[in-house]
Every structure is written in structure tokens, then in C-alpha cells.
Amino acid sequence: MRVCVVGSGGREHALALSLARTAEVVVAPGNPGMAPRTAAAAESAHFALGGSGITLTDDPPEDVDAELFVIGPEQPLVDGLADRLRAERRLVFGPGADGARLEGSKAFMKAVLAEAGVPTARYGAFDEVKEAQAFLHELPGPWVVKTDGLAAGKGVLVTDSVAEAEADIAAKLSGESFGDAGRRVVVEEGLVGPECSLLVLCDGTRIAALAPAQDFKRVGEGDEGPNTGGMGAYSPVPLVEDRLVDRVLDQAVEPLVGALRRRGIDYRGVLYAGLILTAEGPRVLEYNVRFGDPETQVVLPRLTEDLTGLLAEAAAGRLRTEPRFSPDASACVVLASEGYPAAPRTGDRIDGLDEAATLEGVTVFHAGTALDAEGCFVTAGGRVLGVSATGRTIAEARRRAYGAVERIGWEGMHFRTDIAAAAAAAERSEGAA
Ligand code: AMP
Ligand code: GLY
């Protein structure tokens, strides 16, 4: 089968590599770390990676000849790419614009969750500063202020300070901080507990959960600093046992799919539940309409089932196969460029990719890279690389990933040193007990 993956980040690199085990894959547009774009580039560049059976194209997805389309990022989904492809009778994994609104508008998502009776944080949606600020005072802290529209994972403030929340509401609603995405805000109660991402395949009716992962959203060690798209991840999550996954499917995912169907939405794609495990049980923080990044980079390397078959089944409305996972663990450390998340610098030359890629269990996913005139990899975005590794335990996967990180470097590169640290320590103390 020929599969077209739409997108250019680390998540799409992970999707492409997994799909390429059983399919011919073309990525539109992809990035140069996934595959050589031309024969000349292949010769001159240092391709530490890439996959057999992966090619890149600059053609718009509508012009690509493929039997299955897998759309990576949220923006093209919100913009209706899946609808345009389906109108041409193509098989597509990814919701239409109607389903993608779950991520395109947080106010819409919260309204559907309320309708479906899904446990989530108390909230209000506002476009007036005074009303939003008044609602803040009805909630116990901490407080959360989100842009209604898309903001690449950066539009969320969680704070213990009412004054900061008030100022953030004003900056978002005026358009000053996030432009039009912030002209409406969602104000919520802050929930407390460990977070977990659950990616669930959906064929419009049936659902099948992938292995849970934990993501690290804040830029700094110990969860300090601003939110990012994600600085690292690991899987499995020992806190989240099968029983808990079943409970989330029953209480949060099945009812959502039912509510979508009642609205006439035939959702074929991933439902990504962002969960917080509170003392009162799991609560949904948000739904995204695509695979998580970097969660995909730790979940897919553990998948033992054929991804092409699974996604084709879901796209066709015939999801039958149960996804299965290796008992091995995986961890991914995101390497970011100077200034990320506020103002990432680009164009810095990256060293050590070849060496890192040869290490046992390691895969370096390219997210924001480009080639310079001499064919060397340079940074081309905020999140540049996702250095992933598998191992028998979380501790081993983590050690291997950081071992590879040590080989890689560029001017201004930064990363968190505590990805999966607590889970690895808990595993050790359990082993010692
Ligand atoms: P979202 O884009 O809605 O997932 O929010 C991004 C991040 O902000 C989440 O992963 C959480 O770390 C944090 N967050 C969002 N909503 C809440 C909430 N109600 N309580 C606590 N933290 C939250
Ligand atoms: N890792 C967070 C996200 O994909 O939204």
C-alpha cells in the first residue's frame, strides 16, 4: 500500500517510520531528516537517518497518488483537508473540519464534553474581560486561562496568582498575546495530579486505545517555566494500569464518540485525551484531534501491530484489530533551539547525529531541521530533534536516550534532564522492594 503522511515534524517522522515497515510512504512535505529529497542531496548530506521506503514531496497532498492519507498536524485538519480528500473518494485517517473543531475551539470541546457527561474541569468561555475576570473569583485556585483557538500548545496559563490570571485574560482578549486565537478565552479551575496522554483510534463508532504515555509540557526542569508543545515523553506509564485505561474509555471516550455521532460527526482518526489523574479520579483536560508530539515518538516504537493496517481499518470505518504493544519501555528527550518557546533561533549547525543514531535502541526523530548549502543539518524550528530510545525498563530507555543526547550538540541547544526520571526512580525502588 502507498501511504501519504501529511506534515513535517517529529510526530510525522515517527508515523512515517512505523508505516514504512509495511507500506511505501511519501511524506508531504516532510523534513530532510526523514529521507533524502533528491539523489544529489542523498550523496552530499550526512544522512544519519531516514528510512527505507520513505520519500518526500513538495506537492500538495491533494496531488499525491496514495491509497491512504494520514494527516499529522491539527491545522490542516481544522482547515478541512480531510474533507477535501474524502470528497475525491480518498481513504483518510483524520477527522473532517467538524470533528477537528474539538481542538480548533476549546469552548466547543468543553461544550461537547459537558453534553457527553465527560468528567472535566469547571469552566466558562468569554469574550469580555470583565465577565472572564469575575468568573475567576468564583473558582478556587489555581486558575487556568486558555486561548479558545489554536496556539501550538502555548496558549495556556496555569497560575496560583489571581492578578496574573487577570492580566493574562486582558492580554489574550485584546489580541496582544495570541492574536485572533485569544479573542475568546476559556477560564477553568486548575486540577492537580499527574498527567497522562491517551491516544485512542476511532473509526467513527469503534475505539481502540494505544499505550498511555506521559508528556512533559513545561520548558524547564521540575515543570518550571512556560508551556511548550512538549519537551519529552515516556511509555508505558506505570501509574496508568489497564483498568484505568478501561475506565477512561468508558467514562470519557465512548460518551464523547456518542455525542459526536449525535451531532452527525463521523470521526475517523485519533482522539487524544489529555488527562489529569486527580484524587477524585481521571479528568479530561482537553481533547486533541491528532497524534501527540512527542508522545507518538514513544508510543509507536512499542507497537507490535502493523500501523498501516490499523490506520487503514479506522479510515475505512472497520476498526477490528486490537493494537498490541511490546512490554519494553521507551523514552524521548526533545532537543530545542535557543530561545524556544518564545523566540527560537534557527540556522545553527547540528553536530553528532551520525554517532547518536548508531547507539543501541536509539532513534533520532527530526522535527525542525534543514540542510545548509554544504549539506549539513541545521536547526530550523523550536523543537529540533526528538531523541528516543527503547529498553527493557523505563530506566534503561531513559539512559540510552540521554546517552545519545550527549553526542548531539549545537549552539544554544537546550533540553530537560528530568524526562522520565521520577518513573525510572519509582521502578528502581519497586525493583528493590
Ligand atoms: P491543554 O492545551 O488544554 O492541554 O493545556 C496544556 C497544559 O496546561 C496541560 O497539559 C496541563 O499541564 C495544563 N493545564 C491545562 N488545563 C489545566 C487545568 N484545568 N488544570 C491544571 N492544569 C491544566
Ligand atoms: N505533546 C502535546 C501535544 O501533542 O499536544
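Each remark here, short or long, concerns the structure printed above.
All of these numbers come straight from a predicted model, not from anything done at the bench.

About the thresholds
Residues numbered from 1 in each chain as written. Chains lettered and ligands numbered in written order. Predicted model: local features only at pLDDT ≥ 70, side-chain atom pairs only at ≥ 80, totals over all residues. Heavy atoms only, no water. Near = heavy atom within 4 Å. Polar contact = N/O pair within 3.5 Å; in protein donor to acceptor, adjacent residues only side chain to side chain. Areas by Shrake-Rupley, 256 points an atom, 1.4 Å probe, with all protein chains shown as cover. Helix = DSSP H or I, 4+ residues; strand = E, 2+ residues; numbered from the N terminus. Nonpolar A, V, L, I, M, F, W, Y, C, P; charged D, E, K, R; others polar. Pairing = 2+ DSSP bridges. Axes fitted to C-alpha atoms, helices over the stretch in contact; angles between N-to-C directions. Salt bridge = Lys/Arg side-chain N within 4 Å of Asp/Glu carboxyl O. Buried < 20%, exposed > 50% of the residue type's maximum accessible area, 1.4 Å probe, protein only. Core = buried A, V, L, I, M, F, W, Y, C linked by side-chain atoms within 4.5 Å. Contact = heavy atoms within 4.5 Å. 1 Å grid on protein atoms, 1.4 Å probe; cavity = no way out; pocket = protein on both sides within 12 Å on 5 of 7 lines; lining within 4 Å. Points joined across faces, edges and corners; volume = space filled by probe spheres on them.

Concerning the site of ligand 1
For ligand 1, the set of nearby residues contains 15 residues, the closest of which are Lys-146, Glu-188, Leu-191, Glu-195 and Glu-286. The separation between a nitrogen atom of ligand 1 and a polar side-chain atom of Glu-188 is 2.7 Å. A total of 470 Å² of accessible area belongs to ligand 1 in isolation, and the protein chains cover 93% of it. Those elements that provide at least two residues to the shell around ligand 1 are strand E7 (143-147), strand E8 (156-159), strand E9 (185-189) and strand E17 (281-288). Looking at the shell around ligand 1 residue by residue, the classes come out as 6 nonpolar, 2 polar and 7 charged.

Remarks on the site of ligand 2
With respect to spatial proximity, the complete set of residues near ligand 2 consists of Asp-215, Lys-217, Gly-229, Tyr-272, Asn-288, Arg-290, Gly-292, Asp-293, Pro-294 and Glu-295. A distance of 2.9 Å separates a nitrogen atom of ligand 2 from a polar side-chain atom of Asp-215. Taking Asp-293, its main chain carries an N or O atom lying 2.8 Å from a nitrogen atom of ligand 2. For ligand 2, the protein covers 92% of the area, taking 200 Å² as the surface of the free molecule. Of the residues assigned to the shell around ligand 2, the class counts are 2 nonpolar, 3 polar and 5 charged.

What to know about the sheet that holds strand E16 (residues 268-278)
Spatially, the 4 strands line up as an open sheet ordered E11-E10-E16-E17, and their pairing is antiparallel. The sheet is open, and its two borders are formed by strand E11 (207-209) and E17, each paired with just one other strand. Mean inter-strand twist for the sheet, computed between neighbouring axes without regard to direction, equals 35°. Where strand E10 (residues 195-203) lies against E11, 3 bridges are found, and the strand directions are antiparallel. Bridge pairing in E11 places Leu-201 opposite Ala-208.

Some words on the pattern of salt bridges
Close approach of charged atoms lets side chains of opposite charge pair. With the rule as written, the count across this model stands at 31 salt bridges. Linking Glu-103 and Arg-290 is a salt bridge whose minimum nitrogen-to-oxygen distance equals 3.0 Å. Remark: Arg-290 occurs in the loop between E17 and helix H10 (295-299) and Glu-103 occurs in helix H5 (residues 97-104); sequence separation between them is 187 residues. In this pair, the class of Glu-103 matches that of Arg-290, namely buried. Lys-217 is the partner of Asp-215 in a salt bridge, and the nearest nitrogen-oxygen pair spans 3.5 Å. Under the relative-accessibility criterion, Asp-215 is labelled buried at 10%. Judged by its relative accessible area of 22%, Lys-217 is partly exposed. Taken together, the shared-partner salt bridges connect Glu-360, Arg-392, Glu-396 and Arg-400 into one network.

Let's talk about the nonpolar core
One finds Leu-102, Val-253, Leu-271, Tyr-287, Leu-335, Leu-385 and Ile-408 to be the most contacted residues of the largest nonpolar core, which totals 78 residues. For this core, the element with the highest residue contribution is helix H9 (residues 242-262), accounting for 10 residues. Ignoring any residue separated from it by four or fewer positions in sequence, one finds Leu-335 in contact with Gly-382, Arg-383, Val-384, Leu-385, Val-387, Val-405, Ile-408, Trp-410, Met-413, His-414 and Phe-415.

Observations regarding the layout of surface pockets
One number sums up the size of the second largest pocket: a volume of about 490 Å³. Lining of the second largest pocket is provided by 20 residues; of these, Leu-210, Ala-211, Pro-212, Asp-242 and Val-245 occupy positions nearest its centre. Residue composition of the lining of the second largest pocket, by class: 14 nonpolar, no polar and 6 charged.

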